[in-house]
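# Observations on chain architecture
Here are the chains, one letter per residue:
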Number of protein chains: 4
Amino acid sequence: MQLEAYQIADHNNKLQETHQRKLSYWTGEVANAEEVIQKLIAFQIAIPSWALGTGGTRFGRFPGGGEPRSLEEKIEDVGLLHALNKSSGAISLHIPWDIPKDGEAIKSLAASYGLQFDAMNSNTFQDQPDQPLSYKFGSLQHVDRAVRQQAIEHNIDVIKHGVALGSKSLTVWLSDGSCFPGQLNFRKAFERTLDSLQEIYAALPDDWKVFVEYKAFEPNFYSMTVGDWGSSLLFANKLGPKAYTLVDLGHHLPNANIEQIVSLLLMEGKLGGFHFNDSKYGDDDLTVGSIRPYQLFLIFNELIDGMDRKGMNHATDLGWMIDASHNVKDPLEDLLQSVEAIQLAYAQALLVDRQALEEAREANDVVRAQEILQEAFRTDVRPLVAEARRRAGGALQPLSLFRQLDVRQQLISERGLKTIATGL
Amino acid sequence: MQLEAYQIADHNNKLQETHQRKLSYWTGEVANAEEVIQKLIAFQIAIPSWALGTGGTRFGRFPGGGEPRSLEEKIEDVGLLHALNKSSGAISLHIPWDIPKDGEAIKSLAASYGLQFDAMNSNTFQDQPDQPLSYKFGSLQHVDRAVRQQAIEHNIDVIKHGVALGSKSLTVWLSDGSCFPGQLNFRKAFERTLDSLQEIYAALPDDWKVFVEYKAFEPNFYSMTVGDWGSSLLFANKLGPKAYTLVDLGHHLPNANIEQIVSLLLMEGKLGGFHFNDSKYGDDDLTVGSIRPYQLFLIFNELIDGMDRKGMNHATDLGWMIDASHNVKDPLEDLLQSVEAIQLAYAQALLVDRQALEEAREANDVVRAQEILQEAFRTDVRPLVAEARRRAGGALQPLSLFRQLDVRQQLISERGLKTIATGL
Amino acid sequence: MQLEAYQIADHNNKLQETHQRKLSYWTGEVANAEEVIQKLIAFQIAIPSWALGTGGTRFGRFPGGGEPRSLEEKIEDVGLLHALNKSSGAISLHIPWDIPKDGEAIKSLAASYGLQFDAMNSNTFQDQPDQPLSYKFGSLQHVDRAVRQQAIEHNIDVIKHGVALGSKSLTVWLSDGSCFPGQLNFRKAFERTLDSLQEIYAALPDDWKVFVEYKAFEPNFYSMTVGDWGSSLLFANKLGPKAYTLVDLGHHLPNANIEQIVSLLLMEGKLGGFHFNDSKYGDDDLTVGSIRPYQLFLIFNELIDGMDRKGMNHATDLGWMIDASHNVKDPLEDLLQSVEAIQLAYAQALLVDRQALEEAREANDVVRAQEILQEAFRTDVRPLVAEARRRAGGALQPLSLFRQLDVRQQLISERGLKTIATGL
Amino acid sequence: MQLEAYQIADHNNKLQETHQRKLSYWTGEVANAEEVIQKLIAFQIAIPSWALGTGGTRFGRFPGGGEPRSLEEKIEDVGLLHALNKSSGAISLHIPWDIPKDGEAIKSLAASYGLQFDAMNSNTFQDQPDQPLSYKFGSLQHVDRAVRQQAIEHNIDVIKHGVALGSKSLTVWLSDGSCFPGQLNFRKAFERTLDSLQEIYAALPDDWKVFVEYKAFEPNFYSMTVGDWGSSLLFANKLGPKAYTLVDLGHHLPNANIEQIVSLLLMEGKLGGFHFNDSKYGDDDLTVGSIRPYQLFLIFNELIDGMDRKGMNHATDLGWMIDASHNVKDPLEDLLQSVEAIQLAYAQALLVDRQALEEAREANDVVRAQEILQEAFRTDVRPLVAEARRRAGGALQPLSLFRQLDVRQQLISERGLKTIATGL
């Protein structure tokens, strides 16, 4: 299924009057409205290929219908999202779930939807059928050199697939760790993981980055070998200039101040990418902005501050990805909500009066500093985000249009009710 | 596979001298050693049928070999455990994973291993193939009366299976809840769940109990309809005298004082059963006593205090069950470790000088109260536990014997390497 | 110091044009704008007398200047707040910090500022000079009957003071609990506390309520005798119809779903009052809405839903109080921010399309339900809140006016730089 | 008050028979009993001067009697502890609470009790009377250069005091951070703190170490500038070879794996010291081992492993200090309990069969690895600890002797009932 330009246009036309009323008001109220709109247009968020099907937990999975059955259909799904919001112009693949048989064809297909290939993801947290050695006790940390070698080679394979598709980065998320006190020699696990990462690093093209993702717990429930930003930064520093830390919002201990971590990593020049989601208890992988939207805003506030200071390009100098699970929602609807929440937070953070904020800080005016942030957060930037979409050729209200066009029903007609996307 | 009496006897004979030396010492040191041994002999912990296979997480599962392929083989596994430790004399079944085709035959089989049937567990957190209506959005709380009815009938079915097997209780664990703010009307969800539970309660035989288990989060990540002991107690009180709260150690928010909850529920006469496991982050379902053994001891300290005060029988008046997941260990070995940890905590708690403790408390002598508890906890009660096993006909060192006899290898020979037990 | 009407009028006049522009827009966008404004005018939040001075931690306290030195000056401070925002029309006193020597005079003074007396607060968590018996090991739970009696009598005294001032409720927050395993017999502590509360309850006038506040931890670090909503509800139910649970936002374990607790307590008819603040780690007592504004909105969403269903009056049928600590901000500025945050959350929650929300819920339309809540939360209701203040005679921008008028500086001139308010 | 040798001897004589019976048994059971005893004799834990008086919370403080009124009396108290347990042979001072007027005299006094001076502690988290500039908004991070300078000079002063007393290290614990989003520029706060630390580092004698302590929250409730081990390590690495990270057990987010942090810091050669205490909720500063004794053991397990690998001397190459608060116990009794808990954990960790453990790990034998650790933890090492004390000249049961000799009563006679020790 593919959206036609006239469908978007019809939708926008019907809403245009209302939209214009709101937009006029807000462009009057917000000093840098045009700048915000321009930056929103440039800002693209990668969709992970594994988030296009219904997710589940160890207790069960309740699939919806019309899920993509192949890499081609996954690209089609992201194409649909991008047609609607013009902000999902990239896809992040996961190997071996998405091995492209014909790299060139896949690249052309993606290009036909205006999509690029963001970070490639390797998988050494599951055993694949016919895989010679098991990752039950880890992969890059494994006590057995042969298992480590297998995992290293898999990562190098993933790089090769990525090169063929035009990707420029590899995300290494390791579930390696331990479930019980005593199971692991922490130091050896660190050193073996480092050795393995160094071999992968050596295979990295010069214009690539490798992102070392950290996670506090799950699936290992006692220790994770890359468990926090401190460990990840140790690895990234020991690896070299192409290695960076990747922050996933759900991968922290309770109450962590993630925005401070973001600031410090940017200060150290070692923040590489971001996985967006939201959570209340653990790595709940909920829709972005559904639980703690103010925290999301605060994170963007630090991102902008840190990137601007180093002259980084918001749109291109960090990897922006969603990493969520859709257990009780239509995955495509959920992703539309997530992208919107990211855009809102980004737009609000762009409204922050940074000069006034720094002045308040230098004067220890805590009340004023809070007011400046809340002033931005309390602003209703939805019309600006809608306008950015409209100008880029997207829909004023992507979710409404998705429903009006009965997209899911069409996908079910085309693909069937009982399809199951590869992935978790 | 079945253990022969001579195998146990040989094992014990070889260890007898060492055991006797330790035992003599400790019966000299511990005033109530004989009482402890007697109580340990009577104390049986039910093994859940779903804990006999390798568990997993949403990220994957790494099966071992020789897992039970049928209810009969699950009973055989529990029989093996019980032959080794004489403390696992009950099995807790899960429907529909363990539907007995011939109740009488199953009952006989269990009896041949000296096993009874503990609480029956229903399952409305997963959809079964060919199930007419889905539990995607809940079961007993569902907005649709027909779904609730289906779930009610399933529970009544489970009671019937239990009656046939001689079980006397039903555990209702509901995954019902919501993943996102707005999804659920909390009050209606509570009221619908109550209505449904009342229908199940009405079908409960007079000599049965129903346990309302609570859980703070997972698989729902925003709200759980029976989310804490307060909610569970509300349900139990509204249901009537046959309804009780069940405490699972892993089902709490971080830092919860579980021993205090146990004490209050016993005070209210509403504690019905217990699910043992251990955890560091969430419902990690780790081996009992592997992370926080002192907390386990403190819980037993409250259990004994509260039960003794009401004249309850330790062995029979509460449902004692393990509920763990074995992702990186041999399930049978893990269960042997769990039962041992429970026995140690129980034995240590039996050593507490309760009169001295109450005196210290009434004198606000905090230092002395702590000393009294630590005195018991620091005592090495392993010889007493081993002696209880020996006298009951079990092995002095069950885990060692399990390994010496190559039990797992034999099970693999009999059942195959790639079996998968029904369950999570 | 007292604000003059012309000062408010001048301030509002200068801002009137801008305000009118925003207001016109939003009254056009929001269907029930007038209803929201009316409800906001009626909605009053009590200021706790102990929040008018700089707070601190066990590590230190950094006082500001011009803090109130007497009950009269505390009333003056709340009068200032109320003059500015017309939403702080009540004060909540704390005995013994605020013992009124002449009840009638104090009542008149408060009335002259348009203030009423909200819930009275007793204090049995500290020893006062010349107090015969110590609360080191608890008060209403104490092992010694004489200490309990002293604490009971103190509470009855507080009721008497309250009666004289026209208050209608008593808030009992107990720090009672234990710091170490073993220290406390949980059951006896519960029973003694209940006995004590029953004596206090017996002294309660017929038209009074008693609020049983719960707290998860601090200042006791192992157990709290009224530790969660479950315990508080047990006490309230055992006490009788005048006893209610009071929810303080900061008194929960990490990740607690407070909005669900609110909903269940309203369902049970046992929610009595609310203490507003915000927190990231524990009972941090930060400015309301400064950390988790969306959670605050979700709580108001449940409050409105539950109160409306029972035909309760938003403004009068629950006790609304702030309970925060101002360690690094001017307390009066902080309170202005807190009241504003509460009003915003209340107003946003009034925007929720409840009929549509229930329809979405009954259809399991999780995406739509989330959209409905976010639609309300993302609306910029500041102009409506400002208009409510304006119509009630308050300032459009209370905080700005507070600063323009140099209120703090005037208070310092009147009271001195090194004053210290009674309280924490 | 000073203990006489005969008092210890009498006490030991009375208990000798029982002790000898237990000791004989355990030296028979434990292969390396003599090695454990020798290492215990060498192992000394520093007592912080501020832990000798009753602690409190922001809600209140309930002092005991006979608290030390001067540095001399604090040394006397630690002398008493050391006489009893021969394991508290050092004191850690806190400036400005413990400024020695005559360094030489103080040094002699300490030596007369067999005490050394462990790490010196600076204090920039409180304002002292007559201090020119306030630390309300931080010290080493402060926006105002003059405040930073004042804090730097204070630290340099502390070093000077330490040099005079023979101390060899400075612990810098900063409460610097922020209470509200927006308040702080995280990067500038880091950079200013680093600049300040560099100036302090420059003043450090060649044979000194500086410990950079981290803490997750409190007294700042939004961010802490040295908030976790990752930040602390960044500072330590940027400072140079004399800078190390100090781990305080209570300074982490919920559920943190502290033993893994210990292992990684030792791997990096950057672990400098340790603050022992225990906690359930936050920085509760409870008696060591009173809540999570198994975690304490696991931490010692890593300490021994990491130190042995680098050839470090257990007794001298890390700074071992208690940092607790005694709100409901006699401080000296509490400290005796804490020291005992540390010794037990250390002794148990010395029992771990490290070769077998490594073999189990290399074989992924998780069950065996757990058994090896639990084997050590479940061993009753109290007789070994008592023997180590006895041989060193201390009491078999320090706490019992403390009570038998009525030490507290004597201190009250000498010092009075209403003394208040300087400190928190």
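What counts, and at which threshold
- Residues numbered from 1 in each chain as written.
- Chains lettered and ligands numbered in written order.
- Predicted model: local features only at pLDDT ≥ 70, side-chain atom pairs only at ≥ 80, totals over all residues.
- Heavy atoms only, no water.
- Contact = heavy atoms within 4.5 Å.
- Buried area = accessible area lost by both parts, 1.4 Å probe.
- Salt bridge = Lys/Arg side-chain N within 4 Å of Asp/Glu carboxyl O.
- Polar contact = N/O pair within 3.5 Å; in protein donor to acceptor, adjacent residues only side chain to side chain.
- Least-squares fit on C-alpha atoms with pLDDT ≥ 70 in both.
- Helix = DSSP H or I, 4+ residues; strand = E, 2+ residues; numbered from the N terminus.
- Buried < 20%, exposed > 50% of the residue type's maximum accessible area, 1.4 Å probe, protein only.
- Lys, Arg positive; Asp, Glu negative; His and termini not counted.
- Expected span 1.5 Å × (residues − 1).
- Arc of directions from axis to C-beta.

Per an unreviewed UniProt entry, the recorded name for chain A is Sugar isomerase, and the organism is Larkinella bovis.

## Quick look at the interface of chain D and chain A
Taken together, the contacts link 51 residues of chain D with 51 residues of chain A. Carbon and sulfur atoms supply 57% of the area that chain D and chain A bury against each other, a total of about 4500 Å² over both sides. Here chain D is connected to chain A by ten salt bridges. Our count for the contact surface shared by chain D and chain A stands at 20 residue pairs in polar contact (both at pLDDT 80 or more).

## Comments concerning the relation of the copies chain D and chain A
With an RMSD of 0.0 Å, the fit of chain D onto chain A corresponds to turning through 180° and sliding 0.0 Å along the axis. Taken together, the rotation and translation relating the two chain copies correspond to the operation of a two-fold axis. Residue D:Gly230, judged by its C-alpha, is the member of chain D lying nearest the rotation axis, at 2.1 Å.

## Topic: the interface of chain B and chain C
Between chain B and chain C, the contact holds 51 residues from the first and 51 residues from the second. Note on chain B versus chain C: buried area summed over both sides is about 4500 Å², and carbon and sulfur give 57% of it. It is B:Phe186, B:Arg187 and B:Asn364 in chain B that bury the most area against chain C; as a group they hold 13% of the surface buried on that side. Linking chain B with chain C are ten salt bridges. One salt bridge in this structure joins B:Lys238 and C:Glu268, with 2.9 Å as the shortest N-O distance. At the boundary of chain B and chain C, one finds 20 residue pairs in polar contact (both at pLDDT 80 or more). Only helix H6 (186-202), strand S10 (223-224), helix H7 (229-239), helix H8 (258-267), helix H9 (293-309), helix H11 (354-362) and helix H12 (366-377) of chain B provide two or more residues apiece to the side of chain B that touches chain C.

## Overview of the side chain of A:Arg378
Relative to the elements of secondary structure, A:Arg378 occurs in the loop between helix H12 (366-377) and helix H13 (382-392). Notably, A:Arg378 is buried but unbridged: the nearest opposite-charge side chain belongs to C:Glu340, and the N-O separation is 5.0 Å. Among residues more than four places away in sequence, those in contact with A:Arg378 are C:Glu340, C:Ala341, C:Leu344, C:Asp380 and C:Arg382.

## So, the side chain of D:Thr287
All names here are of chain D. Within the secondary structure layout, Thr-287 lies in the loop between strand S12 (271-276) and helix H9 (293-309). Owing to a relative accessible area of 0%, Thr-287 belongs among the buried residues under this scheme. Here the side chain of Thr-287 touches Lys-329 through a polar contact of 2.7 Å, side chain to side chain.

## As for helix H10 (residues 331-351) of chain D
Relative to the 30 Å expected for 21 residues at 1.5 Å per residue, H10(D) spans 30 Å between its end C-alpha atoms, a close match to the ideal helical length. Two or three places before D:Leu332, at the opening of H10(D), D:Asp330 has a side-chain oxygen 2.8 Å from that residue's backbone nitrogen.

## A word on unusual backbone geometry
The linkage connecting A:Glu218 with the following residue, A:Pro219, adopts the cis geometry, with an omega of 10°. Here A:Pro219 is to be found in the loop between strand S9 (209-213) and strand S10 (223-224). Geometrically, the link from C:Ile95 to C:Pro96 is a cis peptide bond, its omega value of 20° lying close to zero. With respect to the element layout, C:Pro96 can be found in the loop between strand S4 (90-92) and helix H4 (103-112). With phi around 75°, D:Glu218 is a residue other than glycine that occupies positive phi space. Assignment of secondary structure puts D:Glu218 in the loop between strand S9 (209-213) and strand S10 (223-224).

## Re the environment of B:Leu336
All names here are of chain B. Assignment of secondary structure puts Leu-336 in helix H10 (residues 331-351). Residues Leu-336 and Arg-361 lie 25 residues apart in sequence; the distance between their C-alpha atoms is 36 Å. Excluding its chain neighbours within four sequence positions, the residues that come into contact with Leu-336 are Leu-81, Leu-84, Asn-85, Pro-398, Leu-399 and Phe-402.

## Concerning helix H4 (residues 103-112) of chain B
All names here are of chain B. Residues of H4 that are buried include every one of Gly-103, Ile-106 and Ala-110, and no others. In an axial view of H4, the angular spread of the buried residues amounts to 65°, which keeps them on one side of the axis. Projecting away from the buried face of H4 at angles above 90 degrees are the exposed residues Glu-104 and Ala-111. Structurally, H4 contributes buried residues whose contacts are with helix H3 (71-85), strand S5 (116-117) and helix H5 (145-165). Between a side-chain oxygen at the N-terminus of H4 and the backbone nitrogen of Glu-104 the separation is 3.1 Å; the capping residue is Asp-102. Directly beyond the C-terminal end of H4, a positive phi value near 75° is found at Gly-114.

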